[in-house]
Amino acid sequence: MDTSFSDSSAESEKDNANRVKKRKKTGRLSEVMKKIRATSNELGSDCLFNRQNEYLGGLITIQPVVQRRSRKDPNEANFNDSSYSYRLRSYVDGALQDIVICYKAFLSIHGISNRRVQTIKKKLLISGVVGTDNRGKHSNRPHKLSDDTKTKVFDFIKSLKGRKSHYSPKDSEKLYLPEELNIKKLHTFYNDKHPANIVGYTTFRDIFEQKFNISFGYPRKDTCSVCDVYKAEIKLIENQIATCVDNDTKNSLNKTLKKKSVEHELHQRKGDKFYELKRRYRRVAKKTPDLEAIVMDYQRNLPIPNITTNDVYYRRQLNFISFNVHVLSDESSILYTYDETVARKGADDVCSMLEHYFSKILDPKVKQLIIFCDSCAGQNKNYTIIRFFHYMICKKKRFDSIKMVFPIRGHSYLECDRDMGKINSKSYAELPDDWRNIFLQSRQKPTPFNVIDCAIEVEFKTWTDYFSDLYPTRCPIPTRPIRVLLIEESKSRFIYHKSMYNGPYLSAVITRPTNKRKLKNKNTTLRPLYDGPLPIKKSKLKDLLHLKQFLTNQDAQKFYDALKSDEADGDEDIVEYADNTPIDENEDQ
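Everything numeric here is computed off the predicted structure, so don't read it as measured data.

1. What about empty space enclosed by the protein?
All told, the structure shown has one cavity of 30 Å³ or more when counted by the stated rule. For the largest cavity, the calculated volume is near 40 Å³. Every residue lining the largest cavity is listed: Asn 380, Lys 381, Asn 382, Ile 385, Ile 386, Met 404, Phe 406, Thr 479, Ile 482 and Leu 485. Considered class by class, the residues forming the lining of the largest cavity number six nonpolar, three polar and one charged.

What follows is the structure, encoded as structure tokens:
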């Protein structure tokens, strides 16, 4: 009989029995749980621990052992040195008496642990008194951080020069260090600077995170030009005051400085008011079913193909465009995506995507809409958009009212910018669908991005031409100074606007006169905005066909081969090899 199988099985079982189960590595989980337990407990009043022990010790009586019942040899048996009796002090018939009780009752009635009673008994047996509690009062902590070292760590971190957040709606004390730094590097810098007061990384990290409000990565970009001018002027005046000797000149400079400071503060308060309105309508939208508040904006264009070869630094790429509608009530985000061969970024394109959002995505119960967007004249703040919203209210009867709120220039940090920050713009992408898949995976909470392919789901229409026969040709109000725009169904002939966030509205007539007039263009129907795929410049197509040779996806090869160029764009010739790879005839081979 072959026993090799049974022998190997027995050997493997033996190995498994002798194998020690590895402890699960939890990293810093234990430290986190320790902090949670520490912060979840509230410090109460002094429990008078020593007085409690004295009271418990007075209820314990040490007695000699009366009888021993050893089940082992007397030389091996471990006999108790003494026995104990336990009492309960209580009033009986109006008099305070001690009642003898068992050990379990003693523990249960007083709500104490076995270990605490054993400690009291041990002290009574040795010294006859309970003594004081010495926990946490010892001084043998060799690794305790000295006050001098702790001061040096604090001074080192305070010496770091960071920036404050530009987009914070309120004054924030949080500082931002360059993104190339991290806590590990700072810890190394500290130990190199103070070799006599070296601290561990965990200690340094705890001080950095718990005692300071510092983060990494400068959030400052696209700063407000008005704020920058005020800061430069104020700094210049302060320098002049510091070097001025004449008192009259100095008084004049001080008045100018005060005036500039007040103007700068007023400008910043206007910017803060925009964020305050946004927060207010966010709260209202969460509680009101028929009201919704949204933020809309175009995202940064992304390149296609976005590949690793260094040729992309010298070649033009296709633009991948995304239009973001961020819902403030539930933080959901809809991304309308397309490349530059599908549509452009004009007012008609924005109206077409908003029409899709209003009809396909937005809850039909919503009758009041609040829109926050920047003041880009070609996209959001123009006569076509105003007429489109009036058309949706008074012609289509989709809403009862629409309010648009525009920020102060330079203070237009919106939720759309935060959504864009979640997308890794360095991701590898050969096709527009690759970017769409990256968008879908970029956010999970509270909900993933709702990514829409405009080439399939959105029909771009000629809204500007269509409105030319329904509304006056020219906008009745100047759009540049508008801060708040309101359109209501109850007053359909008017649009209401104001150049400040507070104060009364001004009105203007937007509808045509009541007398019948001949239609100028006779645009009675909405026509498609584009007849087909948009051509791109011949020079850009040449670069795209060159980059095609680095792509591994066959669908990507077909996509770039199908692109069309604008025949009117120059007279450059695209020369291709047999493998359809375009090259420049003057390039070194």
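2. Some details on the pairing of strand β14 (residues 484-488)
For β14, the tally of buried residues reaches four of five residues, placing the bulk of the element in the interior. Bridge analysis of strand β12 (residues 401-405) against β14 gives five bridges, and the strand direction is antiparallel. Within β14, the position partnered with Ser 401 by the bridge is Glu 488. Between the end of β14 and the start of strand β15 (residues 494-498), which pair antiparallel, lie five residues.

3. Some points on the sheet that holds strand β1 (residues 60-63)
A sheet is described by the order of its strands in space; here three strands give the open sequence β1-β2-β3, paired in antiparallel fashion. In the strand order of this sheet, the two ends are held by β1 and β3 (95-101), each with one partner. The sheet shows a mean angle of 35° between the axes of neighbouring strands, direction not considered. As paired strands, β1 and strand β2 (residues 83-92) are joined by four bridges and run antiparallel to one another.

4. Quick notes on the nonpolar core
Grouped together as the largest cluster of nonpolar side chains are 53 residues, with contacts concentrated most on Tyr 336, Phe 358 and Phe 389. When residues of this core are assigned to their parent elements, the largest contribution, nine residues, is made by helix α12 (residues 383-395). The residues touching Phe 389, leaving out its near neighbours within four places in the chain, are Leu 354, Phe 358, Ile 371, Ile 402, Met 404 and Ile 487. Core analysis: the next-biggest nonpolar cluster, separate from the first, contains 25 residues, Ile 307, Leu 431, Trp 435 and Ala 556 among them.

5. Points about the side chain of Asp 543
Position of Asp 543 relative to the elements: it lies in helix α17 (residues 538-547). Residue Asp 543 is classed as buried on the basis of its relative accessible area of 7%. At 3.3 Å, the side chain of Asp 543 forms a polar contact with the side chain of Arg 315. Contact partners of Asp 543, with chain neighbours within four places excluded, come to Arg 315 and Arg 316.

6. With respect to the side chain of Arg 315
Relative to the helices and strands, Arg 315 resides in the loop between β8 (302-304) and β9 (318-327). Assessed through its relative accessible area of 15%, Arg 315 is described here as buried.

Procedures and definitions
Residues numbered from 1 in each chain as written. Predicted model: local features only at pLDDT ≥ 70, side-chain atom pairs only at ≥ 80, totals over all residues. Heavy atoms only, no water. 1 Å grid on protein atoms, 1.4 Å probe; cavity = no way out; pocket = protein on both sides within 12 Å on 5 of 7 lines; lining within 4 Å. Points joined across faces, edges and corners; volume = space filled by probe spheres on them. Nonpolar A, V, L, I, M, F, W, Y, C, P; charged D, E, K, R; others polar. Buried < 20%, exposed > 50% of the residue type's maximum accessible area, 1.4 Å probe, protein only. Helix = DSSP H or I, 4+ residues; strand = E, 2+ residues; numbered from the N terminus. Pairing = 2+ DSSP bridges. Axes fitted to C-alpha atoms, helices over the stretch in contact; angles between N-to-C directions. Core = buried A, V, L, I, M, F, W, Y, C linked by side-chain atoms within 4.5 Å. Contact = heavy atoms within 4.5 Å. Polar contact = N/O pair within 3.5 Å; in protein donor to acceptor, adjacent residues only side chain to side chain.

Honestly, it's all geometry; don't read function into it.
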